[in-house]
Structures are given as C-alpha cells and as structure tokens.
Amino acid sequence: MAVTTTSSTQSRPVHMRKPDSNQEQGHPSAPMSNKGVANWDIEAQSFASQTTANAEEPEILPATNTSVSCCPPTLPSFVYATGSNTSTSITTPLEIECELPRQKHVPVLRSLRWTLLTIYHRLCLLVLVPNLIFIVTSAAQHNLFNIPLPDMATAVAVNIALAVLMRQELVINLLFALVAKCPRRAPLRIRRVLAKIYHLGGVHSGAGIAATVWFTFFNAALIWRWRTNSIPDLPPTNQIPIVVTFTIVIDMFLISIVVFAHPSLRRRSHNTFEFVHRFLGWMTVFLFWVDLFVLTGVLELAKESPRPLGAALLQSPALYLLIIVTVSLILPWLRLRKVPIRVEHLSNHASRWHFQHGNVELCSASRVTDRPLFEWHSFAGIPEHNGTGYSVIVSNAGDWTKRMIQNPPAKLWVRGIPVRGVLHIATIFQKIVVVATGSGIGPVLSLLTARDLPCRILWSARDPIHTYAKTIIDEVFVADPAALIFDTKAMDRNNRPDLLKLAYGLYKESNAEAVFVISNQKVTEKLVYGLESRGVPTFAPIFDS
C-alpha cells in the first residue's frame, strides 16, 4: 500500500500524563493499554487562530504527497492521541493515508449510479413508475377518465397509506429489527443490500408523489363528469359541488406538501417544510374522511338499489386504508409528554442532555422540542452507564440548538418512541470503520455500547477536548484505543487531513467490512461517493427529513 503524508506542517509531540508500563517513555508509537489510553491527559495545542473553519463542516482537501521515512514521525499537534495497531504497527494517521485505487466505471455511469440513482431514488421510482405506467396506459387508451371513481380513490388511499407507514416509528423499528437479525456469517453481498434499509424514505417519497398524481386525475375526472353529465353513475345532486370543492382543496394541499418537500426548499426553510408537512397533512386526512362519506353517499344514489351509507362504506377499501393512516398519525401523539432533563454544559458550542424518563435501543433517536406543534429535533440517544436513562449531545447547528445551549431548558417535550437509525444495522458486520465530524460523535457513542462490535474510529472536530469534554474523548478511546481524533482548530486550513484517504486507509488496514459516515451533508456525500465508487460498502444518513 503506497503511503503518503498530508503535509509538511511542523510537528510537536503530544503531551501525556502517565504512559503505560509497556510504553517507551517519550515515544508515542509504542503500544498502550486501553486504560492507559483512556487516562491520557492531552494538552490541546494550537497553531494560533489560523482558521475559522466550523467543525461541523470540515473540508476534504487533497493531500500533499511526500514520502515517509522508515521511522514513524512525531505526532502532529492536531492529532489528539493515537494508539498502536499490533498487526501493522501503524501509529499515526499520516501512515494510514494511502493512494486511492481507481474508481469503478466511467464518470457518467458513476454519477448515474451513486448520485442520480441511489438506493433512495431507486425505491422512489420502484413505487412511482408502476403508478405512472398505469396512468399513461389508461390515458393512451382514452380510458383514464372512465376509470370508476371508487377505484381511483382506492389507488390514492393505497399510496397515502404506504407513504404514512414508511414514516411510522413502529414500522421503521420493526424493519430495522428484522435486518439487525441477519447473522454476521451471511454473505457480505446480502448484508450489504439489507443494510440499505435506512433508504426506505424513498418509498415514502414515491408513494406521496404517486398519491398526488392519482388524486389530480381523480379530481379532473370528477369535475369532467360533473360538468358534462356524461357518466351515468354521477347523478345530479346539490352535494356534487361540495365534493368538488373538497377535492380541489385536497389537491392543492397535496401539491403543496410535495413541492415544499423538495430537498432545495426543505434545506432553505426547514421550519416551513415541517409546518406544511404536518398541518396540511392533517387537514388532508380530515378532508379525505369528509370526501369519502359524501362521495360514497352520492355514488350510491346513482344505483337502482342504493345501499345504506354504512353498508357501502364497509365495502370500500378506502375506508380501511384511511383507518390505518389515521391510527398511524395519532399513535406518536398519544405518547406526548413533558419530561425533566439535566443539562451538562460542555462548552458554548455544545451540551449534553440527560433524560431519565426511559431507555433507548441501540442507535435510536429521540425527538424533542419546546414547541410540540411547530418543530421537532431528533438526537441519537446514548444509554447511561448505569442502565437507567440516556443522554444526547447537542451542538450549535442552527437557531433552535443555539438557543437551547445558551438558555438550557429544565424540561422538554418528547413524542412517540425512539426511532432506530442507520448505525443500528452496523452490528450485522464483523468489523467496521466509523467516520464522524463535529457532533456526529453523538450517534457513534450510542453505537459504542455494542461492545462486541470491533470498530475503528476517525473523528474530526474543532477543538474537541474543549468543545465536547475529555470524558467523551475517553469513551472513544475505550472503544478504539487506536482512534484518530483531529483538532481542525489547530490545523492550517490548507493542510487538513484527507478524510477520504484516511477512511479508505483504515478500511484496508483493519480489514473492515463496511464504513459508516456521520457528518454534515456535504462531507457525507463526498465520502459515500468516493468510497462506494471504489467498492467499499458505505452507509450514512441520507438527510431525508
């Protein structure tokens, strides 16, 4: 493996409190025990204030290629600590960086596979395309507006139910639990596919778009039949304008939900997206119920032997699908409660909140807020060492978190049950590499409670020992004595380590089966693309709120 360094930056030794008895004094490359590593007293050194970079968005910059001598270099000041890998004697990140192999396929195919047609997009198309094929085929045969209205309503209800279920916490947790049962001895190809379960949001998006398209044609067919009076199953009645009005309003709501869910608008104004998604979604379901009752009654009047409304509804698939949708939406709110929290101040940039109202499963996120009707924020829960309660790490990543850190709350609202996230399925792999930046270490700490999972950790953050406290760094080193922790504040902006090369180097050096990335969207997308296109199984959140 060709080895390169990241820069020619001047190096200074790392200051330690008490080396292990087996460690050579003054030589940072000698092995240390877990206990010795966890008790290092590290002096955070800085290259003055040469950078104003945010630890939440570290850049992946190319390395400067220079040869490495046979003797390990002195640890740079921006490396907080490092252990020693007994199999390869790798002692610094400078040695772990390696030349990346060639990417698979030509650029166009790479972009198509890992950018435009990700698993998320494929699942979206898997749901959307069959619906569109049926609609287009019917339109080509001039039969679209002749589809019975109850059948079109059922098509809408099926897609709405599918979209809602893919966001229902019980369904999500069940699917993740089933995947987590996959044995580690199963072929890697199978485990690699199953681990993409967190892309199920693509089903939610595809079903939501399909429901909107179906309802638009349902609305058009209803208006056409009403205005032309050309279909015998739609009798003249004063209730028809009411039904038409409801369908137009529902259609406007559905289109608004889809438009504001577009990634660009969602990133630009997430609070608006959340408001539209929640309140217009509730109003849409309510109007669906009204429309179902009124339209069913109207269509029964067109029959020679009309049935009672109740009997007609009981034979309508849309009724049962709407019941599923309604129950799924109500369930999380039945567990809405305000709970006390204990705030552990870490720095002006981060704090750790401790909850005692319940426990969390491995790598599950709890939703909290101070305004339950308007905005919710998910944070990965870290089980407490005593087995009671959990904590979350909150960093200044927006207006809400900034306000919460500056004015710590005594109580917060929680809703539903903790939802399992991408790191929950890491346990199906025999060994992994975890790359985190900034407060992404929070979900990683939750994963580290699975003591039977060998992993290597790479964490890059701005002044981590002062921002997130030494206790958190100690927890990282207990799980991986050879963990790499970079202080981006103490590094020249042009000489930061190449996270892609380091991640690939750790993956090859440790013989890991997969890489997990917990970072901001920009870094995550670069690492996932760079690793996946080189054949490395890589998993990371997809930022589908």
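In the nomenclature of an unreviewed UniProt entry, the protein is known as Nonribosomal peptide synthetase 12 of Endocarpon pusillum.

### Here's the deal with the sheet that holds strand β10 (residues 455–461)
Read from one edge to the other, the open sheet built from five strands follows the order β11-β10-β9-β12-β13, with strand pairing classed as parallel. Two strands bound the open sheet, and with one partner strand each, they are β11 (484–487) and β13 (538–539). Across four bridges, β10 lies against β11 in parallel orientation. Bridged to Trp-459 within β11 is Ile-485. In the packing of helix α17 (residues 470–479) onto the sheet, contacts are made with β10 and β11, and the angle to β10 comes to roughly 155°.

### A closer look at helix α5 (residues 149–165)
Taking 1.5 Å per residue as the helical rise, α5 with its 17 residues ought to reach 24 Å, and the 24 Å between its terminal C-alpha atoms agrees with that figure. Residues of α5 that are buried include every one of Leu-149, Met-152, Thr-154, Ala-155, Val-156, Ala-157, Asn-159, Ile-160, Ala-161, Ala-163 and Val-164, and no others. Where α5 is buried, its residues touch α4 (119–140), α8 (201–228), α9 (240–260), α11 (270–301) and α13 (317–334).

### Re the layout of surface pockets
Size it by volume and the second largest pocket reaches roughly 550 Å³. Lining the second largest pocket are 28 residues; nearest its centre among them are Pro-150, Ala-153, Thr-296, Leu-299 and Ser-316. Counting only elements with at least two residues in the lining of the second largest pocket, the list comes to α5, α8, α11 and α13. Per-element accounting of the lining of the second largest pocket gives the leading share, eight residues, to α5. Per-class residue counts for the lining of the second largest pocket are 18 nonpolar, four polar and six charged.

### Observations regarding the pattern of salt bridges
On inspection of all chains with the given rule, the structure shows 15 salt bridges. Ionic pairing is found between Arg-420 and Glu-361, a salt bridge with its closest N-O pair at 3.9 Å. Taken together, the residues Arg-420 in strand β8 (residues 419–420) and Glu-361 in the loop between β2 (350–355) and β3 (364–369) connect sequence positions 59 residues apart. The class of Arg-420 is buried, set by a relative accessible area of 17%. The exposure class assigned to Glu-361 is partly exposed, which follows from its relative accessible area of 46%. Three or more residues are tied together by salt bridges with common partners; here these are Arg-192, Lys-196 and Glu-532.

The rules we used
- Residues numbered from 1 in each chain as written.
- Predicted model: local features only at pLDDT ≥ 70, side-chain atom pairs only at ≥ 80, totals over all residues.
- Heavy atoms only, no water.
- Pairing = 2+ DSSP bridges.
- Helix = DSSP H or I, 4+ residues; strand = E, 2+ residues; numbered from the N terminus.
- Contact = heavy atoms within 4.5 Å.
- Axes fitted to C-alpha atoms, helices over the stretch in contact; angles between N-to-C directions.
- Expected span 1.5 Å × (residues − 1).
- Buried < 20%, exposed > 50% of the residue type's maximum accessible area, 1.4 Å probe, protein only.
- 1 Å grid on protein atoms, 1.4 Å probe; cavity = no way out; pocket = protein on both sides within 12 Å on 5 of 7 lines; lining within 4 Å.
- Points joined across faces, edges and corners; volume = space filled by probe spheres on them.
- Nonpolar A, V, L, I, M, F, W, Y, C, P; charged D, E, K, R; others polar.
- Salt bridge = Lys/Arg side-chain N within 4 Å of Asp/Glu carboxyl O.

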